[in-house]
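Structural overview
Letter by letter, the chains look like this.
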Amino acid sequence: MPKVKVAIIGSGNIGTDLMMKLARSDVLELTAMIGIDPESDGLQRAKEQGYEVIDTGIKGFLAKPDLADIVFDATSAKAHIRHARLLKEAGKKVLDLTPAAVGPFVIPPVNLGENLDAPNINLITCGGQATIPMVHAVNRVSPVNYAEIVATISSKSAGPGTRANIDEFTQTTSRGIEEIGGAKKGKAIIILNPAEPPILMRDTVYAVVEDGTMDEEKITKSIEEMAKSVQSYVPGYRLRTQPIFEGNRVTVFLEVEGAGDYLPKYSGNLDIMTAAAVKVAEELARNQLIVHQ
Amino acid sequence: MTINRDIVITEVALRDGSHAIGHQYTIEQVTAVAKALDEANVPYIEVAHGDGLGGSSQQYGVSLTDEMELIEAAVSVCKKAKIAVLLLPGIGTMKELRQAASIGAKMARIATHVTEADVAPQHINLAKELGMETVGFLMMSHMVPTKKLVEQAKLMEKYGADTVYVVDSAGAFLPHEVRERIEALRQALDVNIGFHGHNNLSLAMANSLAAIEAGATKIDGSVRCLGAGAGNTQTEVLVAVLERLGLKSGIDLYKMMDLAETIVAPILKTPQEITRNSLVLGYAGVYSSFLLHSQRAAERFNVDSRDILIELGKRKVIGGQEDMILDVAAQIAENPISVKK
């Protein structure tokens, strides 16, 4: 079966984890790993795996644009603004894993099929990928007036990009809660916990529904179904307990165990992001392959 | 006229005290307290949600009054005192910081967990650009050895903080531990050093004095102990003690005692004291703002709130993780024995 060629910009935690996941894809062929630090673990590993390694950043890739049709950007929100422009000019499809929010948002179990034509697709944030499905699951039963999410990740799994982007994380996630989750108002909080051994990614979703619309049974069922949808591409995604209902508020406790591809299993936050990116790229690739045939 | 001060006190009741009253401050209360503090010559008054700018939430508690309105109210009645705001990156953002600066906040205290200083540079830079005085506020300092604390404090200094605070968020430090840490910072840093205590083990004053002896010049206090847990170093008492030590705080002791008695005491439903729950906060090393949340969860799940707090301490839960309280309470209710020992 023919495959669509892809490349990754950014050789940090997310980029390297993505590299390992792409090796398993039936429809995507990773050709190149692009970074700026030849000594970085990500570029070293890419070299070992036999991928083309470019250590001069986006410039190096633009000199060899035939390497890939789809480019994943796993750098930082700031860097992505520039990359987005250059890659658009080069006619590349871009999947943005930074919280730059240049392109429309995609959360696979909510709106995978939408926005596939956009030149740049944004995956919001790890916290958004974990929690927005649940906001949507509540909102499809009872209209959500306000949703708030708290993402707690282990310090070890938060690289310098995430740390430098902490405001972008909360702002982009809040927007995603509203635009994709369907809440009238959204708020996001992120906490980095340094405990050893590192904790699994945990997420708490508070959804306040419109007066008189709370349907505990239906909401619980909707949440359970949504958890299964996410599990289809992130096996370590699970509900920690039954949702808690208090008046107009439902609280959902989640935990995300990673696949342990690059960083150990505690880094569910990497996993849910890279797994979502692969899912969207595979959907794009399948469409593209059908068109070509 | 500038007042000569050996020790610069920041009054935190209008921020840390927000925890103690479930974030229910009114404009009238804040106006009255800030005005009286200004008249007593308190140099800095912190005003914000207990969890800092943007803290109003399901997770931490919804503010009765928008904190920006509270900040504006405090600014409007202060002739000399400067209004400080707290911001925890990950909860609040630069947007709220800009807003606070635009309505007159003059000091930005950027707070991170003691090991996570590197989420702060964006916010410290912005505060500097906005012309604010900046503080790096290292919370839950008791959780790491001195060496780690020094490393993180140096980062805060590098980012441009004018002062770095050792923050005993859990009220868990003992005086000799505070002394060791402040001495190490004094040697490693050029900037001012501050200490923020909690009185959960009845050591806030002793720890503040140990900090001062070791070289700290900025101390936080809460009038009438109006802060999270058992409150902070009691400001009016600190003013008196400093006077006895021959150190100038520049604050009028009589006026401070009067406002404590007549303006602040009526805000509290019950006087601040070291209850069994606040004692356990200090004993188990748990973030002081967990107090009311754990009491509510204990009631809901019919378990002992002390068990919840001890378990949270064992799990090394940090500030901001209030969602863990319900989670742990539910687990204790389901399986009381496995959690207990």
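Model, not experiment: these values are computed from the prediction.

1. Section: the UniProt feature "active site" (unreviewed entry) in chain A
Residue and element names in this part refer to chain A.
- Annotation from UniProt places "active site" (unreviewed entry) at Cys126.
- Among the structural elements, cysteine 126 can be located in helix 6 (residues 126–139).
- If near-sequence neighbours (up to four positions away) are discounted, cysteine 126 is found in contact with Phe169, Met201, Asn269, Ile272 and Met273.

2. With respect to the side chain of threonine 98 of chain A
- Examined against the element boundaries, threonine 98 of chain A turns out to sit in the loop between strand 5 (93–96) and helix 5 (108–111).
- What threonine 98 of chain A contacts, discounting residues up to four positions off in sequence, is Asp73, Ala74, Thr75, Ser76, Ala77, His80, Asn122 and Ile124 of chain A.

3. A look at the domain arrangement of chain A
All names here are of chain A.
- The domain boundaries assigned to chain A delineate domain 1 (4–123 + 272–292) and domain 2 (126–264).
- When each unit is reduced to the centre of its C-alpha atoms, the spacing between domain 1 and domain 2 is 24 Å.
- Counting residues at the interface gives 26 residues for domain 1, matched by 28 residues for domain 2.
- For the pair domain 1 and domain 2, the summed buried surface comes to about 2,300 Å²; carbon and sulfur atoms form 68% of the total.
- When the area that domain 1 buries against domain 2 is broken down by residue, the three leading residues are Asn13, Phe105 and Ile272, summing to 30%.
- Counting every contact that joins domain 1 to domain 2 gives 2 salt bridges.
- Linking domain 1 to domain 2 there are 7 residue pairs in polar contact (both at pLDDT 80 or more).
- Of all the secondary-structure elements, those providing two or more residues to the side of domain 1 that touches domain 2 are helix 1 (13–22), helix 2 (41–48), helix 5 and helix 10 (268–292).

4. Brief notes about the UniProt feature "binding site: Mn(2+)" (unreviewed entry) in chain B
Residues and elements named next belong to chain B.
- Mapped onto the present numbering, the UniProt feature "binding site: Mn(2+)" (unreviewed entry) falls at Asp16, His196 and His198. Considering the C-alpha atoms alone, the annotated residues occupy 183 residues of sequence yet fold into one spot, their largest mutual distance being 10.7 Å.
- Positionally, aspartate 16 belongs in the loop between strand 1 (8–11) and helix 1 (17–20).
- Excluding residues that lie within four positions of it along the chain, aspartate 16 makes contacts with His196, His198, Leu226, Gly227, Ala228 and Asn232.
- One polar contact links aspartate 16 to histidine 198, side chain to side chain, over a distance of 3.3 Å.
- Mapped onto the elements, histidine 196 comes out in strand 7 (residues 192–196).
- Among the residues examined, histidine 196 registers a relative accessible area of 1% and is labelled buried.

5. Describing the interface of chain A and chain B
- Contact with chain A, which involves 31 residues of that partner, is made by 33 residues of chain B.
- Summing both sides of the interface, chain A and chain B together bury roughly 2,500 Å²; the carbon and sulfur share of this comes to 49%.
- Arginine 300 of chain B is the salt-bridge partner of glutamate 246 of chain A, the closest N and O atoms lying 3.4 Å from each other.
- If you look at where chain A meets chain B, you find 18 residue pairs in polar contact (both at pLDDT 80 or more).
- Put simply, the parts of the chain that give the side of chain A that touches chain B at least two residues each are strand 7 (144–154), helix 7 (160–164), helix 8 (166–179), strand 8 (185–193), strand 9 (201–209), strand 11 (244–246) and strand 12 (249–256) of chain A.
- By residue number, the principal contributor to the side of chain A that touches chain B is strand 8 of chain A, which donates 7 residues.

6. Comments concerning the UniProt feature "domain: Pyruvate carboxyltransferase" (unreviewed entry) in chain B
- According to UniProt, the "domain: Pyruvate carboxyltransferase" (unreviewed entry) feature falls on residues 7–257 of chain B.
- In this annotation, residues 7–257 of chain B is assigned 40% helix and 16% strand; the end-to-end C-alpha distance for the span is 18 Å.

7. Notes on the sheet that holds strand 2 (residues 28–34) of chain A
Residue and element names in this part refer to chain A.
- Spatial ordering of the open sheet is given by 3-2-1-4-5-6, a layout of 6 strands whose pairing is parallel. Looking at the sheet topology across the chains shown, the edges are occupied by strand 3 (52–54) and strand 6 (120–122). Pairwise comparison of adjacent strand axes, ignoring direction, gives a mean angle of 25 degrees for this sheet.
- As paired elements, strand 1 (residues 4–9) and strand 2 share 6 bridges and run parallel to each other. The residue bridging isoleucine 9 from the neighbouring strand is isoleucine 34, located in strand 2.
- Across the face of the sheet, helix 1 comes into contact with strand 1, strand 2 and strand 4 (70–73) while running at roughly 155 degrees to strand 2.

8. Looking at the packing of aromatic side chains
Residue and element names in this part refer to chain B.
- What the rule picks out here adds up to 2 aromatic pairs over all chains.
- Relative to tyrosine 165, the ring of phenylalanine 137 lies with its centre 5.4 Å away and its plane at 45 degrees, an arrangement referred to as tilted. Here phenylalanine 137 is found in strand 5 (residues 133–139), whereas its partner tyrosine 165 is found in strand 6 (residues 163–167), with 28 residues between them in sequence. An identical accessibility class is assigned to phenylalanine 137 and tyrosine 165; each is buried.
- In this structure, arginine 109 packs its charged tip against the face of tyrosine 165, placed 5.1 Å from the ring centre.

9. Notes on the packing of helix 1 of chain A against helix 2 of chain A
Residue and element names in this part refer to chain A.
- In contact at an axis separation of 9 Å, helix 1 and helix 2 are set at 20 degrees when each is read in the N-to-C sense. Judged by the inter-axis angle, helix 1 sits roughly parallel to helix 2. Between helix 1 and helix 2 lies a crossing of left-handed hand. Here Thr16, Met19 and Met20 of helix 1 come into contact with helix 2, specifically with Gly42, Arg45 and Ala46.
- Tallied by class, the residues present in the contact of helix 1 with helix 2 amount to 3 nonpolar, 2 polar and 1 charged.

10. Let's talk about the sheet that holds strand 2 (residues 44–46) of chain B
Residues and elements named next belong to chain B.
- Taken in spatial order, the 8 strands of this closed barrel run 1-2-3-4-5-6-7-8, and their pairing is parallel. Across this sheet, the average inter-strand angle for adjacent strands is 25 degrees, counted without regard to direction.
- Here strand 3 (residues 82–87) runs beside strand 4 (residues 107–113); their pairing, made up of 4 bridges, is parallel. Residue leucine 86 lies in a different strand from strand 4, and its bridge partner there is arginine 109.

11. What to know about the environment of threonine 93 of chain B
- Relative to the helices and strands, threonine 93 of chain B resides in the loop between strand 3 and helix 4 (94–102).
- Threonine 93 of chain B sits 29 residues away from glutamine 122 of chain B along the chain, and the two C-alpha atoms are 9.7 Å apart.
- Beyond its immediate stretch of four places on either side in the chain, threonine 93 of chain B contacts Asp167, Thr170 and Gln171 of chain A together with Leu87 and His123 of chain B.

Reading the values: the criteria
- Residues numbered from 1 in each chain as written.
- Chains lettered and ligands numbered in written order.
- Predicted model: local features only at pLDDT ≥ 70, side-chain atom pairs only at ≥ 80, totals over all residues.
- Heavy atoms only, no water.
- UniProt positions renumbered as here; feature names shortened; annotations may be inferred.
- Helix = DSSP H or I, 4+ residues; strand = E, 2+ residues; numbered from the N terminus.
- Contact = heavy atoms within 4.5 Å.
- Domains from an automatic or database assignment.
- Buried area = accessible area lost by both parts, 1.4 Å probe.
- Salt bridge = Lys/Arg side-chain N within 4 Å of Asp/Glu carboxyl O.
- Polar contact = N/O pair within 3.5 Å; in protein donor to acceptor, adjacent residues only side chain to side chain.
- Buried < 20%, exposed > 50% of the residue type's maximum accessible area, 1.4 Å probe, protein only.
- Pairing = 2+ DSSP bridges.
- Axes fitted to C-alpha atoms, helices over the stretch in contact; angles between N-to-C directions.
- Phe/Tyr/Trp six-rings, centres within 6.5 Å; stacked < 30°, edge-to-face > 60°.
- Lys NZ or Arg CZ within 6 Å of the ring centre and 35° of its normal.
- Parallel < 35°, antiparallel > 145°, perpendicular 65-115°, else oblique.
- Left-handed = near helix turned anticlockwise from the far one by under 90°.
- Nonpolar A, V, L, I, M, F, W, Y, C, P; charged D, E, K, R; others polar.

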